[in-house]
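Observations on chain architecture
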Amino acid sequence: MTVQFTDGVEPRHHLIIPYAATRSPMGRDTLARLHLPNIQLLLQTLTRVHTEEDDPDQPRLDMPHERALGQVLQLRAVGGAWPWAALSQETPSNQAQAYFSPCHWQIGMDQVVMLNPDNLQLSEEESLSLLTAMQPFLTEDGLTVRYIAPTQWHVQGEMLRDLQCASLDRVIGMNLNAWLPKSESAKWVRRLQSEMQMLLYNHPVNDKRSAQRQLTVNSLWIHGAGSLTEKPTQPAPQVTMALREHALREDASGWLNAWHGLDATLGAELLEKVKIHAVTLTLCSEHAAHTYQTRPLKLWQRVQRRLRPISAITALQAL
């Protein structure tokens, strides 16, 4: 699917809202309590032009909001893996790049679940200490690593080329058995993860965290892999992550408050823009993305919308 901007619609008037709805029990139970007057008025003027649904029997590596952004920017995805790490660099390069995220895998009897790396509340000092310990192993594999944030390191090296790893958001809270890369070319990933798990087991950072009853760092997740020889020429749409943290934590109150705040700010701004510009709104859940655009309405459509106004809640339930 390619997002087509017609009737003068430009990416700078395009708002993408990840986690606008969630299929978790929290999301289903909370939707009815939302009050989104600006988004609702906005939807009265827009027409849904594209619906994308993931096949539940063939889950994708990426998230719908990542797909929407990547397509607008006309990036190339390899098997659903988008080159986010390469995009973050000032200078385009053919170097294969990725993100490494220190994380905690919760090991059960019959499954391994990835916890949200943010739950670690890892400090910069702890992260740099772990990175220093891992550096010789990564260098041996021809990987150059640079610290960005406690749970995000930038990595580059030829071994990352054409690597198809699932998005971090895709695997948080999930059984990793279905998401670990299984191709022959990704054998080194499984080997590296095993080596790092052994290294981390008795690392002083984890010893201290265990003594303080904190989650330990027991693995790495690789994501955002790819290369980028040219910067996108298409202006980037606006992507807000205001709902992400609350959705991942299944924090109903926080998600509601964040949505109401989003409606009062970005929703109101886009509603003002639609009076003089053509706009695009993409609403996303974990498995769907619906895109709405400014389109001329026929007389019967305008009458129908007055008689039966589009409900923002119904639009979100459709995700």
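Anyway, here's the lowdown on the structure attached to this text.

**A few points about the overall build of the chain**
Tallying secondary structure elements over the chain gives 12 helices and 11 strands in all. Here the chain has a C-alpha radius of gyration of 21 Å; the compact-globule value for 319 residues is 20 Å, and the two agree. Its C-alpha atoms put the chain at 70 × 40 × 35 Å along the principal axes. Looking at the 319 residues of the chain, the share that counts as buried comes to 50%. In the chain, once contacts between residues fewer than 6 apart in sequence are set aside, the share between residues at least 24 apart is 76%. As displayed, the chain has an accessible area near 15700 Å², and 51% of this comes from carbon and sulfur atoms. Positive and negative side-chain charges in the chain, numbering 29 and 32 respectively, have mean positions lying 8 Å apart.

**Quick look at the sheet that holds strand 6 (residues 144–149)**
Strand pairing in a sheet relies on backbone hydrogen bonds, with the paired strands running either antiparallel or parallel. One open sheet holds the four strands; their spatial order is 6-7-3-8, and the pairing between them is antiparallel. The open sheet has two edge strands with one neighbour each: strand 6 and strand 8 (219–228). Direction aside, the axes of adjacent strands within the sheet are offset by 25° on average. In the sheet, strand 6 pairs with strand 7 (residues 152–156) via five bridges, with the strands oriented antiparallel. When the bridges of strand 7 are listed, V145 appears paired with V155. Lying over the sheet, helix 5 (residues 124–140) contacts strand 3 (93–103), strand 6, strand 7 and strand 8, oriented at roughly 170° with respect to strand 6.

**Considering the side chain of S167**
Here S167 is to be found in the loop between strand 7 and helix 6 (168–171). At 3.2 Å, the side chain of S167 and the backbone nitrogen of D169 are in polar contact. Once residues lying within four places of it in the same chain are set aside, the contact partners of S167 are L61, D62, M63, E66, W221 and H223.

**So, helix 3 (residues 64–72)**
With respect to burial, helix 3 is a largely interior element, nine of its nine residues being buried. Every buried residue of helix 3 is accounted for by P64, H65, E66, R67, A68, L69, G70, Q71 and V72. Looking one or two residues past helix 3, Q74 carries a phi angle of roughly 60°, positive in sign.

**Details of the pairing of strand 3**
Across a regular strand the side chains alternate sides, sitting on one face of the sheet and then on the other. The buried fraction of strand 3 is high, at eight of 11 residues. Strand direction decides the pairing type here: strand 3 and strand 8, joined by seven bridges, are antiparallel. By the bridge assignment, F100 is partnered in strand 8 with I222. As defined by bridge partners, strand 3 adjoins strand 7 across four bridges and the pair is classed as antiparallel. Bridging from a neighbouring strand, F100 pairs with W153 of strand 7.

**Details of the nonpolar core**
Core analysis: the biggest nonpolar cluster contains 35 residues, and I17, L34, W259, L281 and L316 have the highest contact counts within it. For this core, the leading source of residues is helix 10 (residues 252–273), giving eight residues. Apart from residues lying up to four places away in sequence, L281 is in contact with H14, L15, I17, L42, L43, L46, L270, H290, T291 and Y292. One finds F100, L138, V145 and L163 within the second-largest nonpolar core, a separate group that totals 28 residues.

**A word on the packing of aromatic side chains**
Counted according to the given criterion, the structure contains two aromatic pairs. Consider the rings of W82 and W84, whose centres lie 6.1 Å apart with planes at 25°: the pair is stacked. The class for W84 is buried, based on a relative accessible area of 17%.

**Examining the environment of K182**
By secondary structure assignment, the location of K182 is in the loop between helix 6 and helix 7 (187–201). Here K182 falls in the exposed class, since its relative accessible area comes to 57%. Here the alpha-carbon distance between K182 and S227, two residues 45 residues apart in the chain, equals 21 Å. In this structure, K182 is in contact with N177 and R190, ignoring residues within four places of it in sequence.

Rules used throughout
Residues numbered from 1 in each chain as written. Predicted model: local features only at pLDDT ≥ 70, side-chain atom pairs only at ≥ 80, totals over all residues. Heavy atoms only, no water. Helix = DSSP H or I, 4+ residues; strand = E, 2+ residues; numbered from the N terminus. Rg over C-alpha atoms; globule rule 2.2 N^0.38 Å. Buried < 20%, exposed > 50% of the residue type's maximum accessible area, 1.4 Å probe, protein only. Contact = heavy atoms within 4.5 Å. Areas by Shrake-Rupley, 256 points an atom, 1.4 Å probe, with all protein chains shown as cover. Lys, Arg positive; Asp, Glu negative; His and termini not counted. Charge placed at Lys NZ, Arg CZ, Asp CG, Glu CD. Pairing = 2+ DSSP bridges. Axes fitted to C-alpha atoms, helices over the stretch in contact; angles between N-to-C directions. Polar contact = N/O pair within 3.5 Å; in protein donor to acceptor, adjacent residues only side chain to side chain. Core = buried A, V, L, I, M, F, W, Y, C linked by side-chain atoms within 4.5 Å. Phe/Tyr/Trp six-rings, centres within 6.5 Å; stacked < 30°, edge-to-face > 60°.

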